[in-house]
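Examining the three-dimensional arrangement
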Amino acid sequence: MDTLIATEKMVPLAPFTTLDLGGDAQHMIRIKNYQDAVDAVGWWKSQAQPMPLLALGGGSNLLVSDTGFRGLVVKMENADIQVLEESDGTVLVEAGAGAVWDRFVAYTVERGWAGVECLSGIPGCVGGAPVQNIGAYGQEVAETIEWVKGIDLHTAEAFQFTAIECEFAYRDSFFKKSVDRRYLITSVAFRLRPGGEPTIRYHDLQNRCQEEEAHTLMDVRELVLEIRRSKSMVYDKSDPNHRSAGSFFTNPIVDEATADRIEASLKPGVRFPRFEVEGGIKLSAAWLIDNAGLKKGFKMSPEAKVGLSTNHVLALTNRGGAKAEELLELCRHVQQVVKAAFGVELEPEPVFVGF
Ligand SMILES: Cc1cc2nc3c(=O)[nH]c(=O)nc-3n(C[C@H](O)[C@H](O)[C@H](O)COP(=O)(O)OP(=O)(O)OC[C@H]3O[C@@H](n4cnc5c(N)ncnc54)[C@H](O)[C@@H]3O)c2cc1C
């Protein structure tokens, strides 16, 4: 088995993550197609010393520890996109887990297929999208996913789960909850709407679309990219805030009594964003951080190499040359300050690896 598959040893993981943090991967295998994934799992299972396996896409939702990952990193680079069927005014398109997410979105928008246009500019790969059910500007990927395919690492057998079986929820799925990261996703199929109207539900996007007379899928994609760029929410190496994992905390869902208590404690006229959702009241993590006194650009000391983005309080950034431990310290500080101010726990959104 070792002779068939190319394994790399002690590969620095930082360059594979948008935070640019973390130590080495003990082993890495790059996957170009489904057979490579089968071979990689075979190699992993055949090792005398069992080790954990980490699927890696664009590394845009990962915080890797300074000591790295002692196990096998499977880097998904299978990027094929193919149309499986066109019927009843819809198209079913399958994309490899290693396809760059935004290239997939561009591909669909260029063809006039509606369904993922508001998810333009989200970093990462197709295989990472279902894991936390990516969402932005009024769309979630769960709305268009028909099925997710891959390999069950417990049995080494193929799986195919429907969207219902994926148990999608806000920034969550069956994959995210699975013990031992049990499922290696190799491709995802999306049901899209040729000639369909863009989704313009999100309030700010509605306003911008009206101002700019934006009506087409491409108009909406371009507006979303423009808004995201202004908040450093696209991965652009020329932006000093680019070393981040996007929003570092999810928006907390609290009970009504907690939301009422916070609202009652505010000075009259202070705007308090709260949204009724299934399971309670969703608060804005960005609002909580900002109103707890941590402002854009906050650093724990002038010489600190990590800080809040100067464009968005919700993004924790490596300003260059930082250690993962420093970012973790900043994460804990933000959590403590928000807890002390409002009694609310902020949950980190990225996956912590090797801690
Ligand atoms: C600037 C910026 C902006 C962002 N904006 C948004 C946003 O608007 N909305 C949003 O929802 N997210 C956002 N994110 C977070 C991130 O881009 C998404 O979560 C993305 O889908 C992660 O994909 P990835 O390929 O980079 O996954 P990775 O970071 O490589 O991995 C994340 C997790 O998914 C698992 N995983 C990845 N690929 C596979 C696979 N093939 N099989 C099984 N498990 C896999 C990994 O093991 C890990 O547990 C942003 C991040 C950044 C840096």
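Residues numbered from 1 in each chain as written. Predicted model: local features only at pLDDT ≥ 70, side-chain atom pairs only at ≥ 80, totals over all residues. Heavy atoms only, no water.

**Quick word on the site of the ligand**
Counted only if it meets this: Any residue with a heavy atom lying within 4 Å of a molecule or strand is counted as near it. The definition of a polar contact used here is a pair of N or O atoms within 3.5 Å, where within protein one atom must be able to donate a hydrogen and the other to accept one, and adjacent residues in sequence count solely through side-chain atom pairs. Only the protein chains shown count as cover for residues, and the accessible areas themselves come from Shrake-Rupley with a 1.4 Å probe. The helix and strand labels rest on DSSP assignments: H or I over at least four residues marks a helix, E over at least two residues marks a strand, and numbering proceeds from the N terminus. Only Asp, Glu, Lys and Arg are considered charged, only Ala, Val, Leu, Ile, Met, Phe, Trp, Tyr, Cys and Pro nonpolar, and every remaining residue, Gly among them, polar. Residue ranges labeled as domains rest on an automatic or database domain assignment.
Taken together, 36 residues are adjacent to the ligand, and Ala55, Ser60, Asn61, Gln132 and Arg228 come closest. In the model, an oxygen atom of the ligand is placed 2.7 Å from a nitrogen or oxygen of the Ala55 main chain. For the ligand, an oxygen atom lies 3.0 Å from a polar atom in the backbone of Pro123. Isolated, the ligand exposes 980 Å² of accessible area, and the fraction of that covered by the protein chains is 95%. Of all the secondary-structure elements, those providing two or more residues to the shell around the ligand are β3 (53–56), β9 (135–136) and β13 (183–194). Its residues assigned to classes, the shell around the ligand comprises 19 nonpolar, 14 polar and three charged. Both domains that meet at the shell around the ligand, namely domain 1 (7–76) and domain 2 (81–230), each give it at least three residues.

**Observations concerning the side chain of Thr199**
Let me state the cut-off plainly: Burial here depends on accessible area, computed with a 1.4 Å probe over protein chains only, as a share of the maximum for the residue type. Under 20% is buried, over 50% is exposed, and the range in between is partly exposed.
For Thr199, the position within the fold is in the loop between β13 and α4 (203–212). Since its relative accessible area comes to 10%, Thr199 is described here as buried.

**Observations regarding the sheet that holds β3**
Condition: One requirement defines pairing of two strands: DSSP has to find at least two bridges between them. Here, axes are lines fitted to C-alpha atoms. For helices the fit covers the stretch in contact, and angles between N-to-C directions go from 0 to 180 degrees.
Reading across the sheet, the four strands line up as β1-β2-β5-β3 and stay open at both edges, with mixed pairing between neighbours. Two strands in the sheet have a free side with no partner beyond their single neighbour: β1 (7–12) and β3. With direction set aside, neighbouring strand axes in the sheet form an average angle of 35°. Strand direction decides the pairing type here: β3 and strand β5 (residues 69–76), joined by four bridges, are parallel. In the sheet register, Leu53 faces β5, and the bridge partner there is Leu72.

**Quick look at the packing of aromatic side chains**
For any pair of aromatic rings, geometry is given as the distance between the ring centres together with the angle between the planes. Going by this rule: What counts as a ring pair is set by centres within 6.5 Å for rings of Phe, Tyr and Trp (its six-membered ring), and what kind of pair is set by the plane angle: stacked under 30 degrees, edge-to-face over 60, tilted for all other angles.
The tally for this structure, following the rule as stated, stands at 19 aromatic pairs. Centroid distance Trp101 to Phe190: 5.8 Å. Interplanar angle 55°. Geometry classified as tilted. Of the two residues, Trp101 is situated in helix α2 (residues 101–110) and Phe190 in strand β13; the sequence distance between them amounts to 89 residues. Judged by centre distance (5.2 Å) and plane angle (80°), the rings of Tyr137 and Tyr202 are edge-to-face. Here Tyr137 is found in the loop between β9 and β10 (139–140), whereas its partner Tyr202 is found in the loop between β13 and α4, with 65 residues between them in sequence. For Tyr202, a relative accessible area of 34% puts it in the partly exposed group.

**So, the pairing of strand β12 (residues 157–162)**
Along any regular strand, the residues point their side chains to alternate faces of the sheet. Bridge analysis of strand β11 (residues 145–152) against β12 gives six bridges, and the strand direction is antiparallel. Residue pairing for β12: Val148 is matched across the bridge by Phe161. Between β11 and β12, which pair antiparallel and follow one another directly, the connecting turn spans four residues, one of which, Ala156, has a positive phi of 65°.

**Considerations on the packing of α2 against helix α5 (residues 217–230)**
Note the cut-off: For classification, angles of less than 35 degrees are called roughly parallel, those exceeding 145 degrees roughly antiparallel, those between 65 and 115 degrees roughly perpendicular, and all remaining angles oblique. In this scheme the handedness of a crossing depends on how the near helix is turned from the far one: anticlockwise by less than a right angle means left-handed, clockwise means right-handed. Any two residues having at least one pair of non-hydrogen atoms within 4.5 Å are treated as being in contact.
Between α2 and α5, the shortest axis-to-axis distance is 9 Å and the interhelical angle comes to 150°. It follows from the interaxial angle that α2 and α5 lie roughly antiparallel. The two elements α2 and α5 cross, and the hand of that crossing is left-handed. Contacts between α2 and α5 pair Asp102, Val105, Ala106, Val109 and Glu110 from the former with Leu217, Met218 and Arg221 from the latter. Tallied by class, residues from the contact of α2 with α5 come to five nonpolar, no polar and three charged.

**Description of the domain arrangement of the chain**
In plain terms, the rule: By definition, the buried area sums, over both parts, the 1.4 Å-probe accessible area that each loses when the two are put together. For this analysis, a salt bridge means a side-chain nitrogen from Lys or Arg found within 4 Å of a carboxyl oxygen belonging to Asp or Glu.
Partitioning the chain into structural domains gives domain 1 (7–76), domain 2 (81–230) and domain 3 (253–353). Look at where the C-alpha atoms of domain 2 and domain 3 centre, and you get two points 27 Å apart. Here domain 2 packs against domain 3, burying approximately 440 Å² in sum over the two surfaces, 45% of which is carbon and sulfur. Remark: the boundary between domain 2 and domain 3 carries zero salt bridges. Along the lines of polarity and charge, the residues of the side of domain 2 that touches domain 3 split into one nonpolar, two polar and three charged.

**Some words on the layout of surface pockets**
For the record, the criterion: Cavity means a closed set of points on a 1 Å grid over the protein atoms alone, one where a 1.4 Å probe fits but cannot get out, pocket means an open set with protein on both sides within 12 Å along at least 5 of 7 lines, and lining means a residue has an atom within 4 Å of a point. Grid points are joined across faces, edges and corners, and a volume is the space filled by probe spheres set on the points.
For the second largest pocket, the calculated volume is near 420 Å³. For the lining of the second largest pocket, a count of residues per class yields 10 nonpolar, six polar and four charged. Built from parts of two domains, the lining of the second largest pocket gets at least three residues from each of domain 1 (7–76) and domain 2 (81–230).

**Things to note about the nonpolar core**
As a reminder of what qualifies: Only buried Ala, Val, Leu, Ile, Met, Phe, Trp, Tyr and Cys residues count toward a nonpolar core, and they belong to the same one when joined by side-chain atoms within 4.5 Å.
If you look at the biggest cluster of nonpolar residues, it comprises 41 residues, and the most contacted ones within it are Trp101, Phe104, Phe190 and Leu205. Looking at this core, the elements that each hand over two or more residues are β7 (90–96), α2, β8 (113–114), β11, β12, β13, α4 and α5. If sequence neighbours within four positions are ignored, Leu205 has contacts with Cys118, Tyr137, Thr199, Ile200, Val220, Leu223, Val224 and Ile227. Of all hydrophobic cores here, the second largest spans 35 residues; its members include Leu19, Phe272, Cys331 and Val344.

**Re helix α1 (residues 34–46)**
Turn by turn, an α-helix covers 3.6 residues, leaving residues three or four places apart pointing in a common direction. Keep this limit in mind: Multiplying 1.5 Å by the helix residue count minus one yields the expected span of that helix.
Across its 13 residues, α1 extends 19 Å between first and last C-alpha, which sits within 8% of the 18 Å expected from 1.5 Å per residue. Looking at the packing, one finds that the buried side of α1 touches β1, β2 (24–31), β3, β5, β11 and β13. You can read the cap of α1 off the contacts: a side-chain oxygen lies 3.2 Å from the backbone nitrogen of Gln35, and it is on Asn33.

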